Amino acid sequence: MVAAWHVTESGRVRRRLGPRLAAAFAGDEARAAAFDDRLERHLPHLLAALHELYGWRYDFFWHLEQILELAARAAATRPAELAALDAARAAAPTWFQDHRALGAVAYVDRFAGDLAGLRARLPYLRELGVTYLHLMPLFRSPPGENDGGYAVSDYRAVDPRLGSMAELSELACALRRAGIALVLDFVLNHTADDHPWAEAAKRGDADAQALYWMFDDRREPDRFQPYLRAIFPERGGDAFTWRPDVAGPQGGKWVWTTFYPFQWDLNYRNPEALAAIAGEMLFLANQGVEVLRLDAVPFLWKEPGTSCENRPQAHLVVEALNALAALAAPALLFKSEAIVHPDEVVRWIGVEKSRLSYHPLLMALLWEALATGETRLLADALERRHALPEGTAWVTYLRGHDDIGWGFADEDARRLGLDPVGHRAFLNAFYTGRRQPSFARGLPFQENPRTGDARVCGTLASLAGLEQALAAEDPWALDLALRRILVLHGVILTVGGLPLLYLGDEIAQLNDYGFRDDPAHAGDARWVHRPRFADARLATARADPASPEGRVWHGLMALLAARRRTPALGGTELRLVETGNPHLLAYRRRHGAARCLVLASFSPLPQRLPSAPLRLALDAARAVGWGGEGLDLAGDTVPLEPYAFHVLTPLPDAA
Ligand code: GLC
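Residues numbered from 1 in each chain as written. Predicted model: local features only at pLDDT ≥ 70, side-chain atom pairs only at ≥ 80, totals over all residues. Heavy atoms only, no water.

A. Structural detail: the overall build of the protein. Looking only at helices and strands, one finds 24 helices and 25 strands in the protein. Here the protein has a C-alpha radius of gyration of 25 Å; the compact-globule value for 655 residues is 26 Å, and the two agree. Referenced to the eigenvectors of the C-alpha coordinate spread, the extents of the protein come out at roughly 75 × 55 × 50 Å. Here the protein holds 655 residues, and the buried ones make up 61% of them. (Helix = DSSP H or I, 4+ residues; strand = E, 2+ residues; numbered from the N terminus. Rg over C-alpha atoms; globule rule 2.2 N^0.38 Å. Buried < 20%, exposed > 50% of the residue type's maximum accessible area, 1.4 Å probe, protein only.)

Here it is, written out as structure tokens:
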């Protein structure tokens with residue numbers, strides 16, 4: 001929170017430091033003036049966050065000065081094309097809410113081999129209409145197990161198997177010219193245990209050790225541990241790892257490792273850790289990265305006696321980074337990855353924090369609705385938990401590179417008469433096929449014997465029933481599976497926000513069990529849903545629209561094209577429409593003068609729904625669907641096919 005004194009004090013800091021900061025611009029007066037303008041606007045935020053975090057330190061202002069100099073240097077060296085982007089984004093700051101914006105995510109190697117291969121796939125991305133491309137971690141990381149690159153050895157070096165940093169910036173530029181923003185992960189909770197900071201820490205460099213959470217003995221870890229959630233319970237419940245290779249008086253040190261033992265948590269109680277990570281962030285921004293996915297944000301701050309998740313100070317760390325980006329690289333946006341209780345997820349979202357966030361609740365509840373055939377939890381979430389602050393948006397998705405966790409709030413489930421624990425157990429059993437009948441083929445992930453908790457892995461197509469239907473050679477099941485895939489996509493494309501496709505899902509790729517034979521992946525079931533992109537499937541999809549991949553591909557392409565023609569789907573306004581049918585979901589979207597009504601069925605059986613609420617919601621007696629088919633709402637009911645999906649636009653009444 002910015003208080004009056006932050007504003008006054010910022011003015012003083014600006015006057016005092018101004019000349020020194022201006023020196024970074026080496027005579028470029030226009031840039032120096034633009035920076036000074038931004039200082040006036042954003043320094044109060046930066047100061048408020050940093051002062052709250054570190055104001056108690058005798059050397060607070062020295063750290064503030066270091067951080068501001070970093071920002072000035074980054075602003076001074078920002079390439080001209082990116083400075084132009086800054087101006088363009090300032091004129092249209094909510095570009096990601098546009099109904100023509102579309103996200104896609106892929107591993108560079110699995111999708112295209114390397115960065116050169118990725119560039120060669122640019123025409124394909126344009127064909128899909130992608131405007132936001134998230135490339136999974138591509139930095140140098142330890143050989144062997146590295147958590148899919150989420151253990152970063154160097155934020156300034158690309159994994160040499162994929163290409164170089166120069167190629168990455170060229171790619172960013174080529175993408176931008178094609179209307180596609182480059183999105184990368186910013187893994188700021190931890191570094192790999194072979195990052196130069198970690199290597200210096202191993203050698204006993206006290207400043208480097210202070211960047212991490214390191215302890216000589218178990219006294220401190222034992223104070224924290226009882227309150228911590230096990231993130232990867234299969235590796236044991238302890239968040240700390242004894243490292244004999246870190247110089248310490250006891251012949252080693254305990255290191256805080258929330259995720260894997262080779263991922264060392266950074267210690268943001270130390271302002272030097274914040275300054276160090278800010279330097280890496282601004283470096284990436286100046287390579288042309290437009291959005292940073294802030295990995296694992298809930299874990300950034302540790303406080304004894306708490307779960308060490310979602311602490312207020314962790315929010316301040318993000319606010320400080322956001323203010324720094326606003327100073328030095330204003331086009332840069334954050335997307336938060338907070339896969340936590342829905343009350344906490346939204347707290348990470350804001351113009352001064354992350355403008356974008358995954359929508360894990362919607363994701364999980366779409367699968368929940370498919371499993372149960374009922375939409376009450378889903379509808380309830382859209383009613384109560386979907387609205388966001390102005391200037392921000394959800395990233396809507398069906399699955400990512402991670403597992404699916406059933407992150408609905410216990411209290412929501414109870415309010416709707418469901419037992420949350422039992423319901424999660426049902427969903428896990430359903431999607432792993434342990435409970436029959438089930439259409440899904442998923443694998444359990446990180447089962448926690450203590451809590452009975454688990455999550456689910458699998459590709460969209462395998463979880464939606466395609467793998468099983470193909471194995472059973474059952475045309476009826478096959479048809480239903482394909483319909484499920486399309487209705488799920490229909491919802492994430494129309495619910496408001498930026499939809500994100502996991503590349504490969506558009507050609508209905510199935511689970512890849514080959515990960516079991518790769519020692520670096522065998523211990524992590526998430527690899528089952530990270531298959532290599534299958535060009536052969538794409539070729540089949542194009543050539544044979546009646547093939548399973550062809551139906552998904554052509555169906556999805558039709559949805560994408562129709563969405564681009566529907567301005568009512570821009571913005572974020574959504575109003576739920578009560579249909580009285582528990583298998584259906586209906587909502588009205590409105591943007592400016594345009595409006596439309598979305599209908600989705602989660603039932604494998606045909607349904608009917610009363611027309612009156614539809615007439616009312618659309619304020620029209622006739623409507624036209626995306627397929628161009630007119631729909632007469634004048635009758636009593638409207639028939640819907642299994643897993644139907646419709647977007648209706650009002651037609652003027654016939655004279
Ligand atoms: C995020 C990533 C996940 C990774 C973890 C640790 O949750 O999505 O894949 O294991 O962070 O970096």
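B. Structural detail: the sheet that holds strand S12 (residues 333–336). As summarised here, the arrangement of the eight strands in space is S1-S2-S5-S11-S12-S13-S14-S17, forming a closed barrel in which the pairing is parallel. With strand direction ignored, the average angle separating the axes of adjacent strands in the sheet is 25°. Examined bridge by bridge, strand S14 (residues 393–397) and strand S17 (residues 498–502) share three bridges and lie parallel to one another. Bridging from a neighbouring strand, Thr 396 pairs with Pro 499 of S17. Along the sheet, helix H8 (residues 165–177) contacts strand S2 (132–135) and strand S5 (181–186); its crossing angle with S5, the most-contacted strand, is approximately 140°. (Pairing = 2+ DSSP bridges. Axes fitted to C-alpha atoms, helices over the stretch in contact; angles between N-to-C directions. Contact = heavy atoms within 4.5 Å.)

C. Here's a closer look at helix H4 (residues 80–91). In a regular helix each residue adds 1.5 Å, so twelve residues correspond to 16 Å; H4 covers 17 Å between its end C-alpha atoms and thus fits that length. Listing the buried residues of H4 in full gives Leu 82, Leu 85, Asp 86 and Arg 89. Down the axis of H4, the sector holding all buried residues measures 110°, keeping them to one side. Of the exposed residues in H4, the ones pointing more than 90 degrees away from its buried face are Ala 80, Ala 90 and Ala 91. Looking at the buried side of H4, the elements it contacts are H8, S5 and helix H12 (271–286). (Expected span 1.5 Å × (residues − 1). Arc of directions from axis to C-beta.)

D. Broad picture of the layout of surface pockets. Here the second largest pocket defines a volume of roughly 800 Å³. Lining the second largest pocket we find 31 residues, and of these His 42, Asn 322, Ala 326, Val 351 and Arg 355 sit closest to its centre. Mapped by element, the contributors of at least two residues to the lining of the second largest pocket are helix H2 (29–54), H4, helix H13 (312–328) and S12. It is H2 that contributes the most residues to the lining of the second largest pocket, nine residues altogether. The residue makeup of the lining of the second largest pocket, split by class, is 18 nonpolar, three polar and ten charged. (1 Å grid on protein atoms, 1.4 Å probe; cavity = no way out; pocket = protein on both sides within 12 Å on 5 of 7 lines; lining within 4 Å. Points joined across faces, edges and corners; volume = space filled by probe spheres on them. Nonpolar A, V, L, I, M, F, W, Y, C, P; charged D, E, K, R; others polar.)

E. Up close: the site of the ligand. Taken together, Asp 147, Tyr 150, His 190, Phe 232, Phe 259, Gln 263, Arg 293, Asp 295, Glu 337, His 401, Asp 402 and Arg 526 make up the full set of residues adjacent to the ligand. The side chain of Asp 147 places a nitrogen or oxygen atom 2.6 Å from an oxygen atom of the ligand. Between the ligand and the protein, one listed contact pairs an oxygen atom with a side-chain N or O atom of His 401 at 2.9 Å. For the ligand, whose unbound accessible area comes to 310 Å², protein coverage reaches 95%. Here the shell around the ligand is built from residues that sort into three nonpolar, three polar and six charged. (Near = heavy atom within 4 Å. Polar contact = N/O pair within 3.5 Å; in protein donor to acceptor, adjacent residues only side chain to side chain. Areas by Shrake-Rupley, 256 points an atom, 1.4 Å probe, with all protein chains shown as cover.)

F. Focus on the nonpolar core. By size, the foremost hydrophobic cluster in this structure holds 197 residues, and its most contacted members are Tyr 268, Trp 367 and Tyr 431. The element best represented in this core is H13, accounting for eleven residues. Setting aside anything within four residues of it in sequence, one finds Trp 367 in contact with Leu 398, Ile 404, Trp 406, Tyr 431, Leu 460, Leu 463, Ala 464 and Leu 488. (Core = buried A, V, L, I, M, F, W, Y, C linked by side-chain atoms within 4.5 Å.)

G. Structural context of the pattern of salt bridges. This model, assessed by the stated rule, comprises 55 salt bridges. Here Asp 28 and Arg 31 are joined by a salt bridge, their closest N and O atoms 3.9 Å apart. Among the salt bridges present, the one from Arg 455 reaches Asp 403, with a minimum N-O distance of 2.7 Å. Here Arg 455, found in strand S16 (residues 453–457), pairs with Asp 403, found in the loop between S14 and helix H17 (410–415); they are 52 residues apart in sequence, far enough to count as distant. Comparing Arg 455 with Asp 403 shows no difference in burial state: the two are buried. (Salt bridge = Lys/Arg side-chain N within 4 Å of Asp/Glu carboxyl O.)

H. Region of the structure containing the domain arrangement of the protein. Structurally, the protein comprises domain 1 (190–265), domain 2 (401–496 + 504–565) and domain 3 (573–654). Domain 1 and domain 3 are separated by 55 Å when their C-alpha centres are compared. (Domains from an automatic or database assignment.)

I. Molecular detail of empty space enclosed by the protein. What the rule picks out here adds up to five cavities of 30 Å³ or more. Looking at the largest cavity, its volume works out to about 160 Å³. Leu 228, Arg 229, Ile 231, Ala 239 and Thr 258 are the residues nearest the centre of the largest cavity, which is lined by 20 residues in total. The residue inventory of the lining of the largest cavity, partitioned by class, reads nine nonpolar, six polar and five charged.

J. Structural detail: the environment of Ala 33. Locating Ala 33 in the fold gives a position in helix H2. With eleven residues separating them along the chain, Ala 33 and Ala 22 place their C-alpha atoms 8.3 Å apart.

K. Local environment of the packing of helix H21 (residues 475–494) against helix H23 (residues 548–564). Between H21 and H23, whose axes approach to 10 Å, the crossing angle comes to 25°. By the angle between their axes, H21 is roughly parallel relative to H23. The hand of the H21/H23 crossing is right-handed. Contacts between H21 and H23 involve Leu 478, Asp 479, Leu 482, Ile 485, Leu 486, His 489, Gly 490 and Leu 493 on the former and, on the latter, Pro 548, Arg 551, Val 552, Gly 555, Leu 556, Leu 559, Leu 560 and Arg 563. (Parallel < 35°, antiparallel > 145°, perpendicular 65-115°, else oblique. Left-handed = near helix turned anticlockwise from the far one by under 90°.)

L. Spotlight on the packing of H2 against H13. For the pair H2 and H13, interaxial distance at closest approach is 8 Å and the crossing angle is 165°. Judged by the angle between their axes, H2 and H13 are roughly antiparallel. Judged by the sense of rotation from one axis to the other, the crossing of H2 with H13 is left-handed. Taken together, the residues of H13 that come into contact with H2 (itself represented by Phe 35, Arg 38, Leu 39, His 42, His 45, Leu 46, Ala 49, Leu 50, Glu 52 and Leu 53) are Gln 313, Leu 316, Val 317, Glu 319, Ala 320, Ala 323, Leu 324, Ala 326, Leu 327 and Ala 328. Residue composition of the contact of H2 with H13, by class: 14 nonpolar, three polar and three charged.

M. Fine view of the pairing of strand S24 (residues 637–640). Side chains Val 638 and Leu 640 project from S24 onto a buried face, and the interleaved Thr 637 and Pro 639 project onto a face without burial. Summarising the sheet, strand S21 (residues 607–610) and S24 pair through four bridges and their orientation is antiparallel. Looking at S24, one finds that Leu 609 is bridged to Val 638.

N. Representation of the packing of aromatic side chains in the model. Inspection of the entire model under this criterion finds 32 aromatic pairs. Taking the centre distance of 4.7 Å and the plane angle of 65° together, the rings of Phe 224 and Trp 256 count as edge-to-face. Here Phe 224, found in helix H11 (residues 219–224), pairs with Trp 256, found in strand S9 (residues 253–256); they are 32 residues apart in sequence, far enough to count as distant. For the ring pair Trp 626 and Phe 645, a centre distance of 6.3 Å and an interplane angle of 65° mean the geometry is edge-to-face. Residue Trp 626 is found in the loop between strand S22 (622–624) and strand S23 (630–632), and its partner Phe 645 is found in strand S25 (residues 645–651); the two are separated by 19 residues along the sequence. (Phe/Tyr/Trp six-rings, centres within 6.5 Å; stacked < 30°, edge-to-face > 60°.)

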